[in-house]
Amino acid sequence: MLERYSQDSLTFKKVEEILNSNLSDTLKSVASKVIKERPLSRDEIVYLLGLRDSAERKCLFDLASCVRHDNVGDTIFIKGIIEFSNYCKRDCLYCGIRASNKIPRYRMKEEEIVKTAIEAANCGVDTVILQSGEDPFYTTEMIERMIRKIRETTRRSVSLSIGERDPEEFAIFKEAGASKYLLKQETVNKKIFEMVHGDDYERRIFLIKTLVSLKYITGGGDIIGLPGQTLEDIADDIIFMREIGIKMAGIGPFIPARGTPLENYPVGSAEITLNAYACTRLMIPLIQLPATTALGTIDKNLQYRAFDAGCNVIMVNFTPDIYRSNYRIYDNKRKVEFYETVRDLSKMNRRLTTLVKTQSSS
């Protein structure tokens, strides 16, 4: 047993409580495995994902919160995202900025992106996230140059979420100073992936593994509620992320976007999404786990509820207003504002980084 799960740890105490309760045998088995740092089985994850009983769900969330506390602490990290282009060469069935969708398009200039990154850093975010569609307009040299400028001027971590690039480009971006890269698998069910995303499943998995091998803090993640998806599929996603060494995960419910083939498909389950957060924390205790904007788009309070289920990150949006409404990957996307988020989290007595507290009060 590791020191962080000593008899004085919150996790140890919570596990003891579960083992001495009248809760289900499956929950007791899960608790026993967590304290021994053994991975949960697929069947156990499926059981947890499907929980509806309020007492058992509360137990699951409490256990995930204890694991978070003992592994990464209770600080909520606020990261700033800049959506710098909504051009995309892909045609994913679920995405509002897919190539076939008729929407106003924009591209931010390099100097505009760097200026916005400086504004985000001045607010106290610890990471600047550069996100876009898969837009080949931004060459390797342009991305590399922006990373270097942002690192030099802000001293903040730089995270990329710009889709599939060649392994050589990943290496160049890493050398330039990018430390994190989000490339979600969306689903490891190949049939579903190819139906909604295209026929490059093997390449997507290869590239995610490449990012891990390059020592990025690699982000995976899935969409909850894709057509044909089962709880077993979601469990497989969580197992996949643990097995290949994912260190951050973007997990959110499916939300339809106008003009896409799935525009009339139902919204993904918020309850299963919250359960998935908790399961991911139990399976990957050190993971950086955002309370995603997609969940907040269903209900702002649900996004904050994610911090009760093991999450420890929230992404606030610094995309300039003239562009923001056109980065419509799904409909009615919530505007997660920095000062509003800090105010809300402070009212809930959530622990924030010293940098955020200092900058937001100045």
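Scroll up a little and you will see the structure.
All of these numbers come straight from a predicted model, not from anything done at the bench. (Residues numbered from 1 in each chain as written. Predicted model: local features only at pLDDT ≥ 70, side-chain atom pairs only at ≥ 80, totals over all residues. Heavy atoms only, no water.)

Student: Would you explain helix α6 (residues 140-154) in this entry?
Tutor: Helical geometry: 3.6 residues make up each α-helical turn, so side chains three or four residues apart lie on a common side. Taking 1.5 Å per residue as the helical rise, α6 with its 15 residues ought to reach 21 Å, and the 21 Å between its terminal C-alpha atoms agrees with that figure. Listing the buried residues of α6 in full gives T140, M142, I143, M146, I147, I150 and T154. Once α6 finishes, R155 follows within two positions and takes phi at roughly 60 degrees, a positive value. (Helix = DSSP H or I, 4+ residues; strand = E, 2+ residues; numbered from the N terminus. Expected span 1.5 Å × (residues − 1). Buried < 20%, exposed > 50% of the residue type's maximum accessible area, 1.4 Å probe, protein only.)

Student: Would you mind showing me how to read the pattern of salt bridges here?
Tutor: Working definition: two side chains of opposite charge can pair if their charged atoms are close together. Tallying each qualifying case throughout the model produces 30 salt bridges. Note that R148 is salt-bridged to E175, the shortest N-O span being 2.4 Å. One end of the pair, R148, is in helix α6; the other, E175, is in helix α7 (residues 167-176), with 27 residues separating them in the sequence. The shortest N-O distance in the salt bridge between R165 and E169 comes to 3.1 Å. A residue is classified by how much of its surface remains accessible, and R165, at 10% relative accessible area, is buried. One continuous salt-bridge network, built from bridges that share partners, spans R90, E134, E164, D166, D200, R203 and R204. (Salt bridge = Lys/Arg side-chain N within 4 Å of Asp/Glu carboxyl O.)

Student: What's the story with the packing of α6 against α7 in this structure? I'm lost.
Tutor: The angle between the axes and the distance between the axes are what describe a pair of packed helices. The N-to-C vectors of α6 and α7 enclose an angle of 20 degrees; their axes lie 9 Å apart at closest approach. With respect to each other, α6 and α7 are oriented roughly parallel. Once α6 is placed against α7, the crossing between them reads as right-handed. Side by side, α6 and α7 meet where T140, I143, E144, I147, R148 and R151 of the first sit next to E169, I172, F173, E175 and A176 of the second. Among the residues forming the contact of α6 with α7, the class breakdown is 5 nonpolar, 1 polar and 5 charged. (Axes fitted to C-alpha atoms, helices over the stretch in contact; angles between N-to-C directions. Parallel < 35°, antiparallel > 145°, perpendicular 65-115°, else oblique. Left-handed = near helix turned anticlockwise from the far one by under 90°. Contact = heavy atoms within 4.5 Å. Nonpolar A, V, L, I, M, F, W, Y, C, P; charged D, E, K, R; others polar.)

Student: Hey, could you run me through the packing of helix α3 (residues 42-49) against helix α11 (residues 270-283) in this one?
Tutor: At a minimum axis separation of 8 Å, α3 and α11 run at an interaxial angle of 145 degrees. Seen from above, α3 lies across α11 with right-handed handedness. Contacts between α3 and α11 involve I45, L48 and L49 from the former and I272, N275, A276, C279, L282 and M283 from the latter.

Student: How do you make sense of the pairing of strand β2 (residues 127-132) when you look at a structure like this?
Tutor: Successive residues of a regular strand alternate their side chains across the two faces of the sheet. Among the 6 residues of β2, 6 are classified as buried, and the element is accordingly described as predominantly covered. Burial of β2 is two-sided: the residues T127, I129 and Q131 facing one way and the residues V128, L130 and S132 facing the other way are all buried. Relative to β2, strand β1 (residues 75-85) runs parallel, the two sharing 5 bridges. In the strand pairing of β2, I81 is matched with I129. In this fold, β1 hands off to helix α5 (residues 110-123), which returns the chain to β2; that crossover is right-handed. The pairing of β2 with strand β3 (residues 157-161) spans 5 bridges and is classified as parallel. Directly across from L130, in β3, lies its bridge partner L160. In the classification by handedness, the crossover that spans β2, the intervening α6 and the parallel β3 is right-handed. (Pairing = 2+ DSSP bridges. Right-handed = clockwise from strand over helix to strand, strands pointing away.)

Student: How do you make sense of the packing of aromatic side chains when you look at a structure like this?
Tutor: For any pair of aromatic rings, geometry is given as the distance between the ring centres together with the angle between the planes. This structure, assessed with the given rule, holds 9 aromatic pairs. Ring geometry for Y181 versus Y216: centroids 5.9 Å apart, planes at 80 degrees, classification edge-to-face. Note that Y181 is positioned in strand β4 (residues 178-182) and Y216 in the loop between α9 (201-213) and β5 (217-220), a separation of 35 residues in sequence. No difference in accessibility class separates Y181 from Y216, as the two residues are buried. On the numbers, 5.0 Å between centres and 80 degrees between planes, the contact of F338 with Y339 is edge-to-face. Given a relative accessible area of 4%, F338 falls into the buried group. The exposure class of Y339 is partly exposed, given its relative accessible area of 47%. Ring pairing ties together the aromatic residues F84, F137 and Y138, which thus form one cluster. A cation over an aromatic ring shows up here: R107 above the ring of Y87, its NZ or CZ 3.7 Å from the ring centre. Above the face of the Y216 ring, K174 is positioned so that its terminal group lies 5.9 Å from the ring centre. (Phe/Tyr/Trp six-rings, centres within 6.5 Å; stacked < 30°, edge-to-face > 60°. Lys NZ or Arg CZ within 6 Å of the ring centre and 35° of its normal.)

Student: Which parts of the structure should I look at to understand the state of the cysteines?
Tutor: As used in these notes, a disulfide is a covalent bond between sulfur atoms, one from each of two cysteines. On inspection of all chains with the given rule, the structure shows 0 disulfides. For the unlinked cysteine C66, the closest cysteine sulfur is that of C59, found at 9.4 Å. Here C95 is not disulfide-linked; the sulfur of C88 is the nearest cysteine sulfur, at 6.3 Å. (Disulfide = S-S within 2.5 Å.)

Student: Just to check I follow, could you spell out the pairing of β1 for this structure?
Tutor: The element β1 is largely enclosed, with a buried count of 10 among its 11 residues. As paired strands, β1 and strand β10 (residues 351-352) are joined by 2 bridges and run parallel to one another. Pairing of T75 across the sheet is with R351, part of β10.

Student: I tried to follow the nonpolar core on my own but got confused; where do I start?
Tutor: Formed by 111 residues in total, the largest nonpolar core has its most connected members in I78, L160 and L282. It is α11 that contributes the most residues to this core, 9 residues altogether. Apart from the residues lying within four places of it in its own chain, the contact partners of I78 are V125, D126, I314, V316, F338, V342, L345, L352 and V356. (Core = buried A, V, L, I, M, F, W, Y, C linked by side-chain atoms within 4.5 Å.)

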